[in-house]
Amino acid sequence: MALFRFSTEPPTRPLIRTPNLILRAPQAGDYAAWSLLRMESRDFLTPWEPTWNEDDLTRNSFRLRVKRAAREIAADEAYSLFVVDARTEALLGGLTLGLVRRGVAQACTLGYWMGERHAGKGHMSEAVRGALRFAFHDLALHRVEAACLPSNEPSRRLLERVGFQHEGLARAYLRINGLWADHLLYAALASDRLPGDAR
């Protein structure tokens with residue numbers, strides 16, 4: 001059982017802190033920064049994401065996103081978080097520990113995106129390391145899974161750098177940019193000695 005329980009209002013405190021970042025639930029006041037970052041990063045993100053809906057960047061769509069994130073956190077179903085610079089409070093990207101499965105699985109799926117102007121600076125590696133600690137220690141999960149397109153070399157390098165192990169290939173696994181695409185499957189276990197672990 002998760003140690004965090006919230007109402008349908010978004011939690012205002014950070015769920016994860018790292019030396020340089022805060023990972024927290026999206027808030028209604030994040031709309032302007034989020035929509036600008038997503039809009040200016042659209043070409044950069046499109047090859048790696050599901051097709052964007054026509055209303056994807058509208059205020060109403062964002063409001064529903066915030067409510068859904070709060071509801072899923074409260075239900076221990078998913079943890080959709082914004083990655084924020086701890087010093088400047090600038091929004092850098094997003095990270096989700098989704099599809100939380102309890103019972104015999106005790107697992108979840110990792111997904112992430114980074115705004116183009118913040119990519120390649122080590123922010124997401126730090127965010128994923130923090131998310132893994134949160135998943136294994138705070139949520140008491142056993143396994144965190146991730147998938148990426150074979151052609152997404154930066155994502156592959158990130159996963160391997162933070163300690164994920166390649167486990168195989170899933171054919172036509174996710175519909176990305178309008179097409180069913182094969183994905184490389186990765187996982188990290190609570191029992192793994194991850195890079196930077198103090199164990």
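Residues numbered from 1 in each chain as written. Predicted model: local features only at pLDDT ≥ 70, side-chain atom pairs only at ≥ 80, totals over all residues. Heavy atoms only, no water.

(A) The arrangement of the overall build of the chain in detail. The secondary structure content of the chain amounts to five helices and eight strands. For the chain, the sequential pattern of α-helices and β-strands runs β-β-α-α-α-β-β-β-α-β-α-β-β. For the chain, the C-alpha atoms occupy an extent of roughly 40 × 35 × 30 Å along the three principal directions. With 199 residues in all, the chain has 47% of them scored as buried. A fraction of 59% describes how many contacts in the chain between residues 6 or more apart in sequence connect residues 24 or more apart. Accessible area for the chain stands at about 10,600 Å²; split by element, carbon and sulfur atoms hold 53% of it. Charged side chains in the chain number 27 positive and 23 negative. The centres of these two groups are separated by 2 Å. (Helix = DSSP H or I, 4+ residues; strand = E, 2+ residues; numbered from the N terminus. Buried < 20%, exposed > 50% of the residue type's maximum accessible area, 1.4 Å probe, protein only. Contact = heavy atoms within 4.5 Å. Areas by Shrake-Rupley, 256 points an atom, 1.4 Å probe, with all protein chains shown as cover. Lys, Arg positive; Asp, Glu negative; His and termini not counted. Charge placed at Lys NZ, Arg CZ, Asp CG, Glu CD.)

(B) Spotlight on unusual backbone geometry. With a phi close to 60°, D76 is a non-glycine residue in the positive phi region. Relative accessible area serves as the criterion here: at 7%, D76 is assigned to the buried category. We note that L99 has phi near 50°; this positive angle belongs to a residue other than glycine. Take L99: it is sitting in strand β4 (residues 91-101). For L99, a relative accessible area of 61% puts it in the exposed group.

(C) Representation of the side chain of D56 in the model. Tracing the backbone shows D56 in the loop between α2 (42-45) and α3 (59-74). What makes D56 buried here is its relative accessible area of 10%. In this structure, D56 is in contact with W34, R38, S61 and R65, ignoring residues within four places of it in sequence.

(D) Molecular detail of helix α5 (residues 153-161). All of the buried residues along α5 are S155, L158 and L159. The buried residues of α5 occupy an angular sector of 95° when the element is viewed end-on, so they sit on one face. Looking at the packing, one finds that the buried side of α5 touches β5 (107-114), α4 (123-138), β6 (143-148) and β8 (179-189). Once α5 finishes, G163 follows within two positions and takes phi at roughly 115°, a positive value. (Arc of directions from axis to C-beta.)

By themselves these figures say nothing about function.
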